[in-house]
Amino acid sequence: MSDITNFVELSALLTGFNKSIIAPSLDVDDMKTVYLQVWQEKIDAHQAGLTNDILSAYEVLSSQGKTPTQIGEYLLDDARGSDFIFACRALIYLWYMGAWPTVAADNSRTDFDLVSATSYSKALVWQVMQAHPMGDSDLRYGYWAQAPAPLSDYTGNTDDDEGAQS
């Protein structure tokens, strides 16, 4: 598989969003490519080849028929080491917030650098909240008068265990 395919599948698994949300068929913003570049630049600057190791581990586990839960547990297991785990967690943060996290040396806070205005408006956090970023909405006026659609309409998942693999 290609890096982008593995990246999309890994991102879907780690975020809990369906691949169709991570990489929609009509994808004018192409956030998957933007996020792959950001993730590789930031992580590989500290430990060369780590993103390739993570993508390869995902591909091997997936080809062995491991469930999303098993793959997630493997990737986020303390045995992988703090750099490996941070890279996976940073990827989750990147998708949800549209920003790159920087954890303070004393772990007292997480600062961030926004990737772009588009990444802010496309961040998954808005879908989880069933809301939209301030000043950017595709919804028509008065939408708030009705109850929001079920969360599964936003995540693309109807069953938690099959989740991101669908």
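This write-up is about the structure you can find in this document. Treat the numbers as computed from the prediction; the structure is a model and nothing was measured.

1. Thoughts on the packing of helix 3 (residues 31-46) against helix 4 (residues 50-63)
Between helix 3 and helix 4, whose axes approach to 8 Å, the crossing angle comes to 120 degrees. Touching Trp39, Gln40, Ile43 and Asp44 of helix 3 are Leu50, Thr51, Ile54 and Leu55, all from helix 4. A breakdown of the residues in the contact of helix 3 with helix 4 according to their chemical character gives five nonpolar, two polar and one charged.

2. Remarks on the nonpolar core
With 31 residues, the main nonpolar core has Phe7, Leu10, Trp39, Ile54, Leu75, Leu91 and Trp95 as its most contacted residues. Those elements giving two or more residues to this core turn out to be helix 1 (3-15), helix 3, helix 4, helix 5 (68-75) and helix 6 (82-97). Broken down by element, the residue count for this core peaks at seven residues, all from helix 6. Dropping the residues within four chain positions of it, Trp95 is found in contact with Phe7, Ser11, Thr15, Ile22, Met31, Lys32, Tyr35, Ala123 and Leu124.

3. Digging into the layout of surface pockets
In this structure, the largest pocket spans a volume of roughly 670 Å³. The wall of the largest pocket is formed by 24 residues, among which Ser121, Lys122, Ala123, Gln127 and Asp138 lie closest to the centre. Contributing elements (two or more residues each) for the lining of the largest pocket: helix 2 (19-22), helix 3, helix 7 (117-122) and helix 8 (124-128). If you tally residues by element for the lining of the largest pocket, the top one is helix 8, at three residues. Across the lining of the largest pocket, the residue classes break down as 15 nonpolar, four polar and five charged. Put simply, the second largest pocket is a space of about 330 Å³.

4. Notes on the packing of aromatic side chains
Scanning the entire structure with this criterion turns up six aromatic pairs. Ring geometry for Phe7 against Trp39: centres 5.7 Å apart, planes inclined by 40 degrees, an arrangement best described as tilted. One end of the pair, Phe7, is in helix 1; the other, Trp39, is in helix 3, with 32 residues separating them in the sequence. Both residues of the pair, Phe7 and Trp39, count as buried. Taking 6.5 Å as the distance between ring centres and 85 degrees as the angle between the ring planes, the aromatic pair formed by Phe86 and Trp100 counts as edge-to-face. With Phe86 in helix 6 and Trp100 in strand 1 (residues 99-103), this residue pair connects regions lying 14 residues apart in the sequence. On the basis of relative accessible area, Trp100 is assigned to the buried category, the value being 7%. Among the aromatic residues, those joined into a ring-pair cluster are Phe7, Tyr35, Trp39 and Trp95. The ring of Tyr74 carries Arg80 above its face, with NZ or CZ at 3.7 Å from the centroid.

Analysis parameters
Each chain carries its own residue numbering, running from 1 in the written order of its sequence. Residue-level local features of this predicted model are given only where pLDDT is at least 70; pairs of side-chain atoms are given and counted only at 80 or more, and the full residue set underlies all totals for whole chains, interfaces and linings. Think of the side-chain values as coming from all heavy atoms in the structure, minus any hydrogens and water. Axis lines are fitted through C-alpha atoms, for helices just across the contact stretch, and the angle between N-to-C directions can take any value from 0 to 180 degrees. Numbered from the N terminus, helices here are DSSP runs of H or I no shorter than four residues, and strands are runs of E no shorter than two. Any two residues whose heavy atoms approach within 4.5 Å are treated as being in contact. Gly is put with the polar residues, along with every residue not named as nonpolar or charged; the nonpolar set is Ala, Val, Leu, Ile, Met, Phe, Trp, Tyr, Cys and Pro, and the charged set is Asp, Glu, Lys and Arg. Remark: nonpolar core denotes a set of buried residues (Ala, Val, Leu, Ile, Met, Phe, Trp, Tyr, Cys) joined through side-chain atoms within 4.5 Å. Summary of the burial criterion: residues with accessible area below 20% of their type's maximum are buried, those above 50% are exposed, and those between are partly exposed, where the area comes from a 1.4 Å probe applied to protein chains only. We place a 1 Å grid over just the protein atoms. Points where a 1.4 Å probe fits but has no way out form a cavity, open points with protein on both sides within 12 Å along at least 5 of 7 lines form a pocket, and any residue with an atom within 4 Å of a point lines it. Grid points are joined across faces, edges and corners, and a volume is the space filled by probe spheres set on the points. Think of it this way: a Phe, Tyr or Trp ring, Trp meaning its six-membered ring, pairs with another when their centres are within 6.5 Å, and the plane angle makes it stacked under 30 degrees, edge-to-face over 60, tilted otherwise. Throughout this description, the term charge over a ring refers to an Arg CZ or Lys NZ atom that lies within 6 Å of the ring centre and within 35 degrees of the ring normal.

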